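Here are the chains, one letter per residue:
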Amino acid sequence: MPLPEIVTPEYSTNLPSTGEEIFFRPFLVKEEKMLLMAQEGKDKKEITNAVVKVISNCVKTPLDIKQLPIVDVEWIFLQLRARSVSEVIQLNLRHTKEGCEHLNKIEIPIQDIKVNVPEGHSNILMINEDAGLGMKLKYPNLDITDKVDVTSAKSEELFELITLCIENIFDKENVYNDFTKQELDDFVGELPKEFLDNFMKFFTSMPKVSYDLEYECENCKEKVSHKLNGLMDFFL
């Protein structure tokens, strides 16, 4: 006699980058095991791969997870965790004050974790205002971060990161999105130096999942402020 079928509930959320509604189920024992094994290893790549696999398994809406902006991946995972494990994340944070080093147990309600979009942020970068020349940038996805470490990109890697993040180039007359890699490399190579500063401003102000944490150290009673950003801060 076959075993009875286990029916899992279905939930929805909206992607921060587009507002698109997606549907998902909670993760199961097999997926929890996958995440725990990755967490124990504390290897960033293994954790990312496990998260991608779990999201791919659980999201019912057709999506290419590795093509999503990183903020979408972080958001989906947090919603999955809230529906699968608990709506509260428990973290162990060490107070790094000299003479204390106490490991504090902190609880964070997932509903209080928001997507932070800094004031003035834009994915449109103008190159020449008079000519109406500029570019529209796309947010780095996991495919891009597999190729370039966006947190410590050196000059050559930064050049590659710029080309990977360009969605289109435009002027007053046209939008250009049909170009070869060589044409794009040549175009980026001709950009004025100050453009790099504007690109870094775009990158450092990208929307991200974040939480401003304030707590009192259980040991020394000092008040501590700590900003949590991104998947690794919440996962580890």
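Residues numbered from 1 in each chain as written. Predicted model: local features only at pLDDT ≥ 70, side-chain atom pairs only at ≥ 80, totals over all residues. Heavy atoms only, no water.

Novice: Please provide a residue-by-residue account of the sheet that holds strand E10 (residues 208-216), values included.
Specialist: The strand order across the open sheet formed by three strands is E5-E10-E11, and the pairing between neighbours is antiparallel. Since the sheet does not close on itself, it has two edges, and those belong to strand E5 (114-116) and strand E11 (223-229), each with one partner. Ignoring strand direction, the axes of neighbouring strands in this sheet form an average angle of 40°. The sheet contacts of helix H3 (residues 70-84) involve E5 and E10, and relative to E10 the element is tilted by about 55°. (Pairing = 2+ DSSP bridges. Helix = DSSP H or I, 4+ residues; strand = E, 2+ residues; numbered from the N terminus. Axes fitted to C-alpha atoms, helices over the stretch in contact; angles between N-to-C directions. Contact = heavy atoms within 4.5 Å.)

Novice: Account for helix H6 (residues 181-189), with residues named and values stated.
Specialist: Regarding H6, the residues found buried are Leu184, Asp185 and Val188. The arc that holds every buried residue of H6, seen down its axis, measures 100°, which confines them to one face. (Buried < 20%, exposed > 50% of the residue type's maximum accessible area, 1.4 Å probe, protein only. Arc of directions from axis to C-beta.)

Novice: I'd love a proper account of the confidence of the model for the protein, names of residues and values included.
Specialist: Averaged over all residues, the pLDDT of the protein equals 88, while 95% of them reach at least 70. The secondary-structure element of the protein with the lowest mean pLDDT is helix H4 (residues 142-147), recorded at 77, while strand E2 (residues 21-24) shows the highest, at 96. (pLDDT = per-residue confidence, 0-100.)

Novice: If you had to explain the pattern of salt bridges to someone new, which residues and values would you point to?
Specialist: Throughout the structure, instances matching the rule amount to seven salt bridges. With a closest N to O distance of 3.4 Å, Lys60 and Glu10 form a salt bridge. Of the two residues, Lys60 sits in the loop between helix H2 (44-58) and H3 while Glu10 sits in the segment before strand E1 (11-14), which places them 50 residues apart along the sequence. With a relative accessible area of 47%, Glu10 lands in the partly exposed category. A salt bridge links Lys223 to Glu216; its shortest N-O distance comes to 3.8 Å. With relative accessibility at 68%, the residue Lys223 sits in the exposed group. (Salt bridge = Lys/Arg side-chain N within 4 Å of Asp/Glu carboxyl O.)

Novice: Can you explain the packing of aromatic side chains? Please cite residues and give values.
Specialist: The tally for this structure, following the rule as stated, stands at three aromatic pairs. Ring centres 6.0 Å apart and planes at 35° place the aromatic pair Tyr11 and Phe24 in the tilted group. One end of the pair, Tyr11, is in strand E1; the other, Phe24, is in strand E2, with 13 residues separating them in the sequence. Joined through ring pairs, the aromatic side chains of Tyr139, Phe199 and Phe202 make up one cluster. (Phe/Tyr/Trp six-rings, centres within 6.5 Å; stacked < 30°, edge-to-face > 60°.)

Novice: Account for the packing of helix H1 (residues 29-41) against H2, with residues named and values stated.
Specialist: The contact between H1 and H2 brings their axes to 8 Å, and the two run at 170°. One finds that H1 runs roughly antiparallel with respect to H2. Contacts between H1 and H2 involve Glu31, Met34, Leu35, Ala38 and Gln39 from the first element and Glu46, Ile47, Ala50, Val51, Lys53, Val54, Asn57 and Cys58 from the second. Class assignment of the residues belonging to the contact of H1 with H2 gives a composition of eight nonpolar, two polar and three charged. (Parallel < 35°, antiparallel > 145°, perpendicular 65-115°, else oblique. Nonpolar A, V, L, I, M, F, W, Y, C, P; charged D, E, K, R; others polar.)

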